[in-house]
Structures are given as C-alpha cells and as structure tokens.
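Spelled out from the first residue to the last, the chains are:
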Amino acid sequence: MSAETAVLLAFIFMLAVVAGFELIAKVPSTLHTPLMSGSNAISGITLVGALLAAGTAGDDRVAVALGVLAVALASINVVGGYLVTDRMLEMFKKKERKDGK
Amino acid sequence: MNGPLQFVYILCAFLFILGLKLLSSPATARKGNLLSSLGMLLAVIVTLLGNKTLELQWIVVGLAAGAIVGATAARMVAMTSMPEMVALFNGFGGLASLLVAWFEYRTSPDLIAFTAGTVFVSVLIGGVTFTGSLIAWGKLSERISGKPVLFPGQHLVNILIVLTLIVGGVMFTLSPAANEPVFYGILGLTALLGVLLVIPIGGADMPVVISLLNSYSGLAACATGFVIQNTVLIVTGSLVGASGIILTRIMCKAMNRSLANVLFSGFGSTISSVKGGAEQREARSVTAEDAYVMLEAARSVAFVPGYGLAVAQAQHAARELGDLLEANGTEVRYAIHPVAGRMPGHMNVLLAEANVPYDQLVEMDAINPVMSTIDVCVIIGANDVVNPAALDDESSPIYGMPIIEAHRAGTVIIMKRSLGAGFAGIGNDLFFKDNSRMLFGDAKASLQALVAEFKDAQG
C-alpha cells in the first residue's frame, strides 16, 4: 500500500468518527437499546471482508475454516442484529396510536 | 479494487449514516433500521457480484448457517434478555473481524509493515472484544457469578500482559513472516486479556461494559478495514466505535464515576458498613390495600423502574396498573434513570414491550424538577438510583451520583423483597423517610395485587 492510500484511509476514518459522534449524540436515551443492537448489526459489515476471505481461501483448510467461520459469525450479527432491532422498534408507539384493549 | 464497486460502497455508507440519523426519533427509527439493512444487503450483493473470481460454495455455507442462527436468536430472545444477546453479538462481531485479519496473514504472510500493524490491532481489539463479551454474557445471563472477581496482583498481571503484547506487536509488525509463533502468542494473550479485563467488573456495571465492548466491536471492524483496505469497513466501523464511546460516557456520567473506576476498582465487591443508626430505625410497611388507597387518591403518579422490574418480569403488570390509574383520572409517568437495568435503555424497551407509549417515559432530568408536584412515586425494583445518600452523604460510595429524587414526592411506595442493600452494598435512607412506605414482596405480585384492588373497587 502506498503512503498516499494510508493517508487517505486515515482521513476517511477521521471524518467518519466525527460524523458518528454528531449522529449518535442526537439519539434519545429511550432508544439506546435499539441503538446498541442496531450498531451491532452495522458492525457486521466485517461480513464484506469475510466474504472476500471465504471466496478466495482455495485449498488451504485453515484458511477455509477462518473464512467460513468469519462469514457465519458476521452474518449472525447482521441478520440477528437487524431483525431484533426491528422487533424492538416496532414496540415503541405513541399514545395517539395506542388502540385500547 | 475496481471503481464502480467503490461508488456503490459510498451509497452503502450513506444509507448507514441516514439510518442512524433517523434513529433520533422513535417515530422514524424503524424506517432508519430498514434503510440501514438495505445498505448492508447492497454491500453484500455488490461484493459478491464485483469479485467474479470468488468461489461461492464456502460463502453459501457460512451465510446460511449465520442467517439461520441470527434469525432464530432474534425471534426467540425475551426482551428481558436483550443485554445478554447484545453482549454475545458484540463478541461475534469482534471475532469475525479477528478471523478476517488472521486470514489475510495466513494467505500472505509477507505483509508490509503498515498492514502487519493493522493486523495486530485488529487481532488485539477483536480478541479482547470476543472473550470480554463472553464473560459479560456469562455474568448477565447468570451462567457465572455477577460478583467482581478479584485476586492479588491483578493489575500487575494485566500490565505485564499489555507490555508483552506491545513487544510482540512491534516484533510482528517489523517482520510478520518470520514471527508466526509470536502471532499465535498474541492471539492467546488477547483472549486472556479480554477475560481478565471483564471478570473484576460487577453485574450492575455491565451497562458500561457492554457499551464499551460495542465500541470495540466497531473499532475491530474498522481495523480490519485498514487491513484489507476497504473504505466501507472503515467508515461503518468508526460509526459504531463512536456510538459505543458515547454510550459509555453517558453511563459513566450517570454513575458519577470515571471509566477507570468502573473498569478497575472492583466496585460492589465489598459490603461497606451501613451508615450509623440505619438498622435501628423502623421502615413503615404497608399492605396492597393501603397502597391502593394512596394511589386511588393521587392526582399524579410516577413509576421508577429498576433491574428488579426486569428480574420479576413485571413490566406488563406495571402497565396494567398505569392504565387503571389513568382511567381513574391520574396522570401517570415512568421516570427512568440512565443506568437502571443492565444496558442503556433497557427499561424503555421493557416498558415499550408492555405497550407503554414512549411519550410517558420521562428522563431523570425531566422528572426531578417536577418531583415535588407528584403525589405518589412508586419504586419498582430500583435501589441505588433513588438513594438520597448520593445527594447528602459525602461518605457514601455513591455520593455525587445523579439520582431520581423520589424522596421529594408526596408519598413514596417502595416495592421490594426486603430492606437489603443494593448493588453498591450500601443501605438506603429512602426506606426510612417519613413519607416512605414499604410494600414488601415480589414486584410483579405486588403490582398484580394493586391491580386486583382497583378491579374490586370498580366492581
């Protein structure tokens, strides 16, 4: 990797951290649990790296094991994280929309 | 890396950011989560389509296994168990990032120094996240004791491990191909470090720990992004990293403790002596019938839930009582302390599950100024977060912690099994105040008894 690429990646990192702080600070405390499970799902983005690994492992058994396990774990995060977040957010209702029993 | 692929990754990153932005209101949050998941789907599809040489058989195996496990877990988990689930998922994310970095090293050991350095960071953060999360999961689900585990020389051992890791990391970074045993040593030590860092932390400090591990799981993904030079991993990982750090800071502030104090002090491991005279005083106990009379006459009521509500699964009974009070013309609010429960926002989710509308959920800073206008404050399984010693007893370990000032309400009804101390191991003066009444017993049973009283009265 060239020094230029490294600097560019570091620059992107810095901007994303700043954006993250700004965005998350605005999330109300009532949604902090869905925020955590949702960001859990997002951190499953490592799935992209895992796919590239599992797909290029070739005949090296250890490499195959590393790749497949990474794909499986990351997709647990992605699928489970998004679904459980949706399940939780569905429950947050405003008073007006509450239909009596 | 090909060009068009990178452009689609920008769109994915944008969808993640938009998703987080929509999370700023409960009304739009669900849409935000959907957009975010679309971004993820897009990232996966583009990665598969954009790299034609990928062999799909192993990918399909991994994806299918992960999707089945993830979907099942998401469907089955009880809302009271959310903290454990999030802890476990944090750990999986960290391990996945570690494995990807390990794979890079395995398939091309002759890495340049920058990449080798990022492999080291990724393994370090991923490993600590994984084993640390497993311990947190064990404590939260009570598979292992929630008590802090302390041993002599603990800090020294940790410092030695960290120093060894730094030396190993430098050796590995400088010549990765020649240092394969060092790499495996690093793997083992990071796993051990994760365990050692979390065992001294008590159950009620878990909100801080899982927020921090949440942040680590993002940073691990970010480090892996540097390893494989993938921008979408870097952007997304840092968003999650920032999120976890903010939550950690909020939790620490709500306990008036520094992060270092939470992580290293073994808080809650010793029962400090109860302040003089507290045992001699008598708490006034009431029956459900007496409590009903007080609630029936109240114009405004605030419920203060704590971890005891989750343990007793009392959220539905609380909402039922709240509904009956509202039908009786009483103004009902639920006052929620930031660290009530075992993870940030834990109480809010439980009450939302029981159909409490979110506009009735009030934050600590909003309820305290109007506390003196509230006729009856009902404490359901909360203790330290309503302990007035935090305000006026300088010798108390929790002195300075912001609390919900329930003692300033007209009457306080406390639902509790006994007069026992809370997590901090300190007695609670609130139980002995003139305006306090203890309603002993299981929180759910007490709430149901009150509900029955109301129903009887209505005939």
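Quantities reported herein were computed from a predicted structural model and do not represent experimental measurements.

Definitions and limits used
Residues numbered from 1 in each chain as written. Chains lettered and ligands numbered in written order. Predicted model: local features only at pLDDT ≥ 70, side-chain atom pairs only at ≥ 80, totals over all residues. Helix = DSSP H or I, 4+ residues; strand = E, 2+ residues; numbered from the N terminus. Expected span 1.5 Å × (residues − 1). Buried ≥ 20, exposed ≤ 12 C-beta atoms within 10 Å, placed from the backbone. Pairing = 2+ DSSP bridges. Core = buried A, V, L, I, M, F, W, Y, C linked by C-beta atoms within 7 Å. Contact = placed C-beta atoms within 7 Å. Nonpolar A, V, L, I, M, F, W, Y, C, P; charged D, E, K, R; others polar. Domains from an automatic or database assignment. Axes fitted to C-alpha atoms, helices over the stretch in contact; angles between N-to-C directions. Arc of directions from axis to C-beta.

### A word on helix α4 (residues 82-107) of chain B
Residue pairs three or four apart in sequence face the same way in an α-helix, which turns once every 3.6 residues. If you check α4 of chain B, its first and last C-alpha atoms are 37 Å apart, about what 26 residues at 1.5 Å a residue would give, namely 38 Å. Burial analysis of α4 of chain B places 24 of its 26 residues in the buried class, the great majority of the element.

### Concerning the pairing of strand β5 (residues 411-416) of chain B
Residues and elements named next belong to chain B. With six of six residues buried, β5 lies mostly within the body of the structure. Residues Thr411, Ile413 and Met415 line one face of β5 and the alternating positions Val412, Ile414 and Lys416 line the opposite face, and both faces are buried. Sheet analysis places strand β4 (residues 376-380) next to β5, joined by five bridges and oriented parallel. What sits directly across from Ile380, in β5, is Met415. Relative to strand β6 (residues 436-440), β5 runs parallel, the two being bridged by five bridges. Bridge assignment links Ile413 to a residue of β6, and that residue is Arg437.

### Looking at the nonpolar core
Counting 196 residues, the largest nonpolar core has Ala70 and Val71 of chain A together with Val304, Ile379 and Ile380 of chain B as its most contacted members. Residue contacts for Val71 of chain A: discarding those within four places in its chain leaves Leu47, Ala50, Leu51 and Ala54 of chain A together with Ile59, Gly62, Leu63 and Gly66 of chain B.

### Focus: the interface of chain A and chain B
Taken together, the contacts link 78 residues of chain A with 95 residues of chain B. Elements that contribute at least two residues to the side of chain A that touches chain B include exactly α1 (3-25), α2 (32-43), α3 (46-55) and α4 (61-91) of chain A. If one sorts the elements of the side of chain A that touches chain B by residue count, α4 of chain A sits on top with 29 residues. Residues that form the side of chain A that touches chain B fall into these classes: 48 nonpolar, 22 polar and eight charged.

### Thoughts on the domain arrangement of chain B
Residues and elements named next belong to chain B. One can read the domain layout of chain B as domain 1 (1-55), domain 2 (77-264) and domain 3 (288-458). Spacing between the C-alpha centres of domain 2 and domain 3 amounts to 36 Å. The partner domain 3 presents 16 residues to the 19 residues of domain 2 that form the contact. At the level of elements, α4, α8 (206-227) and α9 (231-254) are the ones that each hand at least two residues to the side of domain 2 that touches domain 3. The residue makeup of the side of domain 2 that touches domain 3, split by class, is 14 nonpolar, five polar and no charged.

### Some thoughts on the sheet that holds strand β3 (residues 361-363) of chain B
All names here are of chain B. Spatially, six strands are ordered β3-β2-β1-β4-β5-β6 in an open sheet, and the strand pairing comes out parallel. Unpaired on one side and paired on the other, β3 and β6 mark the two borders of the sheet. The average angle at which neighbouring strand axes cross in this sheet is 25°, direction not considered. Across four bridges, strand β1 (residues 300-305) lies against strand β2 (residues 331-336) in parallel orientation. Considered in β2, the bridge of Val301 is made with Val332. Relative to β2, helix α14 (residues 346-353) is tilted by about 145°, and along the sheet it contacts β1, β2 and β3.

### A short note on helix α7 (residues 180-198) of chain B
All names here are of chain B. Between its first and last C-alpha, α7 extends 28 Å over 19 residues, near the 27 Å set by a 1.5 Å rise per residue. Of the positions making up α7, those classed as buried are Phe183, Ile186, Leu189, Thr190, Leu193, Gly194, Leu196, Leu197 and Val198. One face of α7 carries all of its buried residues, which in axial projection span an arc of 165°. Facing away from the buried side of α7, by more than 90 degrees, are the exposed residues Pro181, Tyr184 and Gly188. Where the residues of α7 are buried, they touch α4, α5 (113-140), α6 (154-174) and α8.

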